[in-house]
Amino acid sequence: MKTDLTDTTSSKINKALVLGRRAIGTPAVGMVLTLVIVTDEENAYDALKAANEASREHPSRTLVVIKRVSRGPRDRSKARLDAEVRLGADASTGETVVLRLYGEVVDHAQSVVLPLLLPDAPVVVWWPVNAPVDPANDPLGALAQRRVTDTYAAEQPIQELTARADAYTPGDTDLSWTRITPWRSMLAAALDQVVCEVTSAEVEGEEFNPSVELLAMWLADRLGIPVRRSASGGPGLTSVRLETTCGPIVLDRPDGSLATLSIQGQPDRAVALKRRETAELIAEELRRLDPDDTYASALRFGLERLDEEAATTAPAEAVETAVVVEEVAGATEVAATGTGTGESAKRTARKTPAKKAAAK
């Protein structure tokens, strides 16, 4: 059942919801939360489709806030609210209200959303694209217990992670973090099978994918080890290699669907590790409404600290080897000609800082 309301108010939308529930024979409200989706017209369809699929597990009232951009100054000065109320089969197991805001009301979306929230029910706000730098201080984000963003959809995903860390507030989360839940579970289970110490790790994945950085920071934060990030052709995360005192542990997923877990002294095992759809990610986030302390700890570890620690471990032996080789070459030159002492010493002195700087 669909009801279109033009130039309406929140009070009329609530009345349409009540009349719609009576018309389809479900006067009671059976939703467990309110999901507010803040998006644009281009991404509204995909976001609403994912929310409807997630509502089969979490029946909710879904409010889609679309801020329309008025082209002319006369249109921008006029405030208007259009709404589309969907109930029954058109809204999966919950209720859906699509709100289109025009003019000055665009800057006061919270005043439209607030009367439509379910009473005494948690509120989750999700920005599929164009999330604010500080979600907790956003007028709509301030209404919610949980604020969901997606740095993968940002213009500069890696820089966005740093901004998220600086502005983190308990209740913030990221779908890029949700995407690595199966990887974290699999790696934790693999480490439970061996009794050894992890010395270093390497995470491999496509460029500009914040999930790769988040997984690397999680490993570095939880295990206290240097973690190197390397690029691959994807899709997404492709491999994680843990160096341990008992031999390497490798989780490799080259095709985005099936992974292979290799542990020293054990046969290789095939593991289902497919890339999940947005609906599955949102459904997972709606299962918990308390702050995610593990995500906060990994996010605050810092990309700069991750790069520095990874760069100063593995290359160290190579630097020392290069210095030794240079010194041997200089000594050989001196022994052969007797004239290479000064040049070799200067060349060695110049070479050593250069390699250390490159390592950093």
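Counting restarts for each chain, with residues numbered from 1 along the sequence as it is written. Reporting in this predicted model follows two pLDDT cut-offs: at least 70 for local features of residues, and 80 or more for side-chain atom pairs to be given and counted; totals over whole chains, interfaces and linings ignore these cut-offs and use all residues. Only hydrogens and water are set aside when side-chain values are computed; all heavy atoms of the structure are taken into account.

(A) How the structure looks around the overall build of the protein. Secondary structure elements are taken from DSSP: a helix is a run of H or I of four residues or more, a strand is a run of E of two residues or more, and numbering for both begins at the N terminus. In terms of regular secondary structure, the protein is built from 13 helices and 14 strands. For each residue, the accessible area found with a 1.4 Å probe, counting protein chains only, is set against the maximum for its type, and the residue is called buried under 20%, exposed over 50%, and partly exposed in between. In the protein, buried positions account for 47% of the 360 residues. We call two residues in contact when some of their heavy atoms are within 4.5 Å. At a minimum sequence separation of 6, the contacts of the protein that also span at least 24 residues come to 70%. Values of accessible area rely on a 1.4 Å probe in the Shrake-Rupley scheme; residue burial ignores everything except the protein chains shown. When the accessible area of the protein is evaluated, it comes to approximately 17,900 Å², of which 51% is carbon and sulfur surface.

(B) Main features of the sheet that holds strand β2 (residues 33-39). What makes two strands pair is DSSP finding at least two bridges between them. Strand order in the open sheet made by the eight strands is β1-β4-β5-β3-β2-β6-β7-β8, with mixed pairing throughout. Strand pairing shows two members of the sheet lacking a second neighbour, β1 (2-5) and β8 (172-174), which therefore form its edges. Strand-to-strand twist across the sheet, computed as the mean angle between neighbouring axes with direction ignored, equals 15 degrees. Here an angle of 0 to 180 degrees is reported between the N-to-C directions of two axes, which are lines fitted to C-alpha atoms, with helices fitted over the stretch in contact. Here helix α9 (residues 278-286) sits on the sheet in contact with β2, β6 (123-126), β7 (146-149) and β8, set at roughly 145 degrees to β6.

(C) Quick look at the sheet that holds strand β14 (residues 269-272). Strand order in this open sheet of six strands is β10-β9-β11-β12-β13-β14, and the pairing throughout is mixed. The strands lining the two open edges of the sheet, one partner per strand, are β10 (227-232) and β14. Averaged over all pairs of adjacent strands, the angle between their axes in this sheet comes to 15 degrees, without regard to strand direction. Of the strand pairs in this sheet, strand β13 (residues 258-263) and β14 are connected by four bridges, and their pairing is antiparallel. The residue bridging Leu258 from the neighbouring strand is Ala272, located in β14. Where helix α7 (residues 181-192) meets the sheet, its contacts fall on β9 (198-206), β11 (237-244), β12 (249-252), β13 and β14, and the angle it forms with β11 comes to roughly 25 degrees. Packing of helix α8 (residues 210-223) onto the sheet brings it into contact with β9, β10 and β11, and relative to β9 it is tilted by some 170 degrees.

As far as function goes, none of this settles anything; it's purely spatial.
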